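# Survey of secondary and tertiary structure
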Amino acid sequence: MLEPASSPLPLQGRLLIGWSQDGFWFTIASQLTFPNTDRNPYTLTCKGRFSHNNRNFHFSMDHSEIGRMEGEGWINHQTIAQKFRVLGNNPELTGFEVLHQQASDRYLLCRTLFRGSSMERVIEATLSLVP
């Protein structure tokens, strides 16, 4: 993770994804920790729904540090792109995220948080599937 005026921080975590039986609803739970730092972990919970074409989706998310967010995304063959906005006390915060499949068991994640037109935070991570 990278923030203004700070050195990059390593992070690690888990991402759990669940699907409804009809295949339209999904849930995501995640916790990211920052090894060898005193920084508190982030937890995220997300619920969303795919449109009938299974390429577009809408979601709402709760983030332990930022608060409640809502957004939309698109799915392509190897890429998921989504944008979101923070609700409540931080309405000027928005974000954009890309998840790109590099191999059958590995993804590259890049998430950027904006305050107005200025970048606030960038997270880049490699995600590996665990059987």
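Shown above is the structure to which this text applies.
Below you will find a few notes about this structure.

## Observations regarding the nonpolar core
If you look at the biggest cluster of nonpolar residues, it comprises 15 residues, and the most contacted ones within it are Phe 26, Phe 50, Phe 57, Phe 59 and Met 61. Elements represented by at least two residues in this core include exactly strand S3 (42-50), strand S4 (56-63), strand S5 (67-75) and strand S6 (79-86). Beyond its immediate stretch of four places on either side in the chain, Phe 50 contacts Trp 19, Gly 23, Phe 24, Phe 26, Asn 56, Phe 57 and Ile 75.

## Notes on the environment of Cys 110
Topologically, Cys 110 is positioned in strand S8 (residues 106-115). Along the chain, Cys 110 and Ala 81 lie 29 residues apart, while their C-alpha atoms are 9.8 Å from each other.

## Section: the sheet that holds strand S9 (residues 118-128)
With antiparallel pairing, the nine strands of this open sheet are ordered in space as S1-S2-S3-S4-S5-S6-S7-S8-S9. Taken across any chain shown, the strands that pair with only one partner, and hence form the sheet edges, are strand S1 (12-19) and S9. Taken over all neighbouring pairs, the strand axes of this sheet differ in orientation by 20° on average, direction set aside. Judged from the seven bridges that link them, S6 and strand S7 (residues 93-103) form a sheet pairing that is antiparallel. Pairing of Gln 82 across the sheet is with Glu 97, part of S7.

## A few points about the pattern of salt bridges
The final tally for this structure, using the stated rule, is seven salt bridges. For Arg 115, the salt bridge is made with Glu 92, and the minimal N-O distance between the two is 2.4 Å. In this pair, Arg 115 is assigned in strand S8 and Glu 92 in the loop between S6 and S7, connecting sequence segments 23 residues apart. Where salt bridges share partners, they join Glu 92, Arg 115 and Glu 120 into one cluster.

## Thoughts on the state of the cysteines
Tallied over the entire structure, the rule returns zero disulfides. Free of any disulfide, Cys 46 has its nearest neighbouring cysteine sulfur in Cys 110, separated by 18 Å. Since its relative accessible area comes to 10%, Cys 46 is described here as buried. The exposure class of Cys 110 is partly exposed, given its relative accessible area of 31%.

## Structural notes on the side chain of His 63
Secondary-structure assignment places His 63 in strand S4. Reaching out from His 63, the side chain makes a polar contact with the backbone nitrogen of Glu 65 at a distance of 3.0 Å. In this structure the side chain of His 63 is engaged in a polar contact, spanning 3.1 Å, whose partner is the backbone nitrogen of Ile 66. Sequence-distant contacts of His 63, defined by excluding residues within four places in its chain, comprise Tyr 42, Thr 43, Leu 44 and Met 69.

Thresholds, definitions, all that
Residues numbered from 1 in each chain as written. Predicted model: local features only at pLDDT ≥ 70, side-chain atom pairs only at ≥ 80, totals over all residues. Heavy atoms only, no water. Core = buried A, V, L, I, M, F, W, Y, C linked by side-chain atoms within 4.5 Å. Buried < 20%, exposed > 50% of the residue type's maximum accessible area, 1.4 Å probe, protein only. Helix = DSSP H or I, 4+ residues; strand = E, 2+ residues; numbered from the N terminus. Contact = heavy atoms within 4.5 Å. Pairing = 2+ DSSP bridges. Axes fitted to C-alpha atoms, helices over the stretch in contact; angles between N-to-C directions. Salt bridge = Lys/Arg side-chain N within 4 Å of Asp/Glu carboxyl O. Disulfide = S-S within 2.5 Å. Polar contact = N/O pair within 3.5 Å; in protein donor to acceptor, adjacent residues only side chain to side chain.

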